[in-house]
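Observations on the model geometry
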Amino acid sequence: METKTVIDYKSPLGGSIRIIKQTFAAHNAKPGKRIAFLAGLHGDELEGVYTCFRLIRHLRELEKNRPEAFQGEINIYPAANPQALGSASRLAPFFGTDMNRLFGVENPDSPPALSTHELLADIKSCSDLAVDFHAGNLHLKELPQIRIIEGFDKKLIPLARHCNVDLIWVHPMSPVFDSTLGFNLNRSKIPTLVIEAGVCLRLDADFGDQVFRGMLYLLQQTGILTPDPATGTVIENPLVVNSSQIAMINANQPGLFVKHAELGQRVIAGDKLGEVLDPIQGNVLEEVVSPLTGLLFTLREIPITYAGAALARIASEDAGMR
Amino acid sequence: MKEKILTLPSPFGDSITLFKNVWDGGKMLDTLSIVGGLHGNQINGLYVASRLTQFLNAVWEEREKAYRIKGKIQIFPVVNLQALQAGTRFWSFDGLDFDMAFPGNENGELNEKICHTLINHTADSTYGIVLSTGTIHYEDFPHIRIYRPDRSLKKIARSLDFGIVREIPESPANNIQLLHQWTVRDIGSLLLVCGKADALARDHCDTLIKGIINMMVATGFISHTGEKGQKSETTFYESSDEKRIAAKQPGLFTPEARVGDTLKQGQRIGLSRDIYSGEVVEEFFAPTGGFLVTLRDYPLIYEKETVAWILMEKKSLRLWPF
């Protein structure tokens, strides 16, 4: 494993903000495919950081014991926004900017913008394929899933199927994606999978382990690693849905949402998912029920809700293609 | 005339209610929309909106005898109510930038609903003005920023009497900002920037108020018995006319120039010191003569951060003849 600092800017208080890349070179002089794994662009999303830990640890062992397994090159950026990770903050803390809303910006004029500029160039220089790890936002916990923007689905769905996620969600383009890493790499013809798993500021190691197994399988299926005869990998066959096959359940009332279902559960139409409570008057404001039968793949973690707040998402099993 | 535009119930207190002030003289079809308070730390916009409201109420009630309201003018003084109440740039509940959520979503989260409402109320405007301040850590001299400057928009900018207009380069990161969303809807959109966050710069605000009233007269939204609204000499700057001065070393920055200064080439703008030794680590000089439009206000500075923006002197001033 070769460690390289790809971004470095100094703090006035001493020390530097450094983005590190760990590279596992191909065993042969002429490498096959090259892949990049990146985590922690949002400093409060930790499942991907853990998955990168598992990858680095596993690959270091593999490099020692079976170096010929490396047919391609693997590049891992385990902490793409180290200052934000150290502060457990989505945004780069001193600058107040979202690193994953700065990609593709011309004439960058701040350290986070310069970092995204250089990071994008570095990933492009060493990748034929990329995986960007994210978690749910502050409020919602997500079952491991891959989100694909319409138009990139033909190329990405076959790759996404190798990743041991529960769901592949093909959704329409929105302007919010214009300045993200995933969109900019895909637009540059580097197929990039955006994986969402877990919730901000928490770590669900089971999710991280699930995705780790998927990443190993992806590495084998793309020929970057040769299969390990000792440890065969069995992966989940994901549900593949588009936005019309997903029920979004939002709160009609503000209050305290108490869940009555668990993430990953197969719910039946009419099942109770939770209640919205009025803690001041002691009333149950709303009983939240599933409008369809399917996979509960998003569930609210932060109980405080305003009207319109997302409470859950369910993928219809009827329409999805296993 | 104060009108409620949105009421959203809150789980633990008073409803969140947003207002606009609207005056319609009924003599023209055009609408001018003015928006402040998109971020919770931008106080200048609140002040400008409230003083303009005071003025327009006086005109409407015929206490300002020389003026008459002819068109429709609407002012939205507060958008990000929750962040303003908290005294922070973003609302901690979601930690999101309000000005990265347009055009919003009627059925979405609270911020999306508010952005959707604002777009709905302003979509048929002829002109839109966003009141803003310098970004965090910077002070800005009052100036105008616009996308895609055409003859008509330049004319409006000139009537605002600020003297300085900067073109905003297209960037994917700006696509979900209010100003951009207005621009793509063919609304003549202008960002008025002055001062710094978390502070009220009354002198700068007075410049804005005077300019906006002049613009209202020049465009016919209000009439004046003796004036038609002056159009001042205005210089238009493209990105290539701007010079960014960045820190090569981190440190504690102290300025020696002030925003609004006309700098000579080689003039010292400030210096930075090492925090631990107090020694000067870097001096900053104007690389070119020009106008100091943006200057760092916050002393701690990272390597590669911006110290200042200078609008370069032009060999022949490009004034706009109308």
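Residues numbered from 1 in each chain as written. Chains lettered and ligands numbered in written order. Predicted model: local features only at pLDDT ≥ 70, side-chain atom pairs only at ≥ 80, totals over all residues. Heavy atoms only, no water.

1. Some details on helix H3 (residues 110-122) of chain B
Residues and elements named next belong to chain B.
- Counted at 1.5 Å a residue, the expected span for H3 with its 13 residues is 18 Å, and the 19 Å between its end C-alpha atoms agrees.
- Listed in full, the buried residues belonging to H3 are Leu110, Asn111, Lys113, Ile114, Cys115, Thr117, Leu118, Ile119 and Thr122.
- Along its buried surface, H3 packs onto strand E1 (2-10), strand E2 (13-24), strand E3 (31-35), strand E5 (72-76), helix H2 (81-86) and helix H5 (178-184). (Helix = DSSP H or I, 4+ residues; strand = E, 2+ residues; numbered from the N terminus. Expected span 1.5 Å × (residues − 1). Buried < 20%, exposed > 50% of the residue type's maximum accessible area, 1.4 Å probe, protein only. Contact = heavy atoms within 4.5 Å.)

2. Some words on the pattern of salt bridges
- Enumeration over the complete set of coordinates arrives at 23 salt bridges over all chains.
- Salt-bridge contacts for glutamate 170 of chain B lead to arginine 148 of chain B; the nearest nitrogen and oxygen are separated by 2.8 Å. One end of the pair, glutamate 170 of chain B, is in the loop between strand E8 (164-167) and H5; the other, arginine 148 of chain B, is in the loop between strand E7 (138-146) and helix H4 (151-159), and 22 residues separate them in sequence.
- Of the residues examined, glutamate 170 of chain B reaches a relative accessible area of 39% and is grouped as partly exposed.
- Ionic contacts of the salt-bridge type, sharing partners, join the residues Glu45, Arg90 and Asp98 of chain A into one network. (Salt bridge = Lys/Arg side-chain N within 4 Å of Asp/Glu carboxyl O.)

3. Things to note about the sheet that holds strand E14 (residues 283-289) of chain A
Residue and element names in this part refer to chain A.
- Overall, antiparallel pairing links the four strands, which are arranged E14-E13-E11-E16 in an open sheet. Among the strands making up the open sheet, the edge pair consists of E14 and strand E16 (304-305).
- Where strand E11 (residues 255-259) and strand E13 (residues 272-278) come together, four bridges link them in antiparallel fashion. Note on E13: the bridge partner recorded for valine 258 is glutamate 275. (Pairing = 2+ DSSP bridges.)

4. Comments concerning the packing of aromatic side chains
- Tallied over the entire structure, the rule returns 18 aromatic pairs over all chains.
- A centroid spacing of 6.3 Å and a plane angle of 70° characterise the contact between tyrosine 9 of chain A and phenylalanine 95 of chain A, whose relative ring orientation is edge-to-face. Here phenylalanine 95 of chain A lies in the loop between helix H2 (82-86) and helix H3 (111-125) and tyrosine 9 of chain A lies in strand E1 (residues 2-10), a separation of 86 residues in the sequence.
- Assessed through its relative accessible area of 7%, phenylalanine 95 of chain A is described here as buried.
- A ring pair is formed by tyrosine 306 of chain A and phenylalanine 93 of chain B, whose centres lie 5.3 Å apart and whose planes are at 75°; its orientation type is edge-to-face. Here phenylalanine 93 of chain B lies in the loop between H2 and H3 and tyrosine 306 of chain A lies in the loop between E16 and strand E17 (310-316), a pairing that spans two chains. Considered together, tyrosine 306 of chain A and phenylalanine 93 of chain B belong to a single accessibility category, that of buried residues.
- One aromatic cluster is present, built from ring pairs that chain together Tyr9, Phe94 and Phe95 of chain A together with Tyr298 and Tyr302 of chain B.
- The side chain of lysine 154 of chain B reaches across the aromatic face of phenylalanine 236 of chain B, ending 5.1 Å from its centre.
- Above the ring of tryptophan 309 of chain B, the side-chain terminus of arginine 166 of chain B is found at 6.0 Å from the ring centroid. (Phe/Tyr/Trp six-rings, centres within 6.5 Å; stacked < 30°, edge-to-face > 60°. Lys NZ or Arg CZ within 6 Å of the ring centre and 35° of its normal.)

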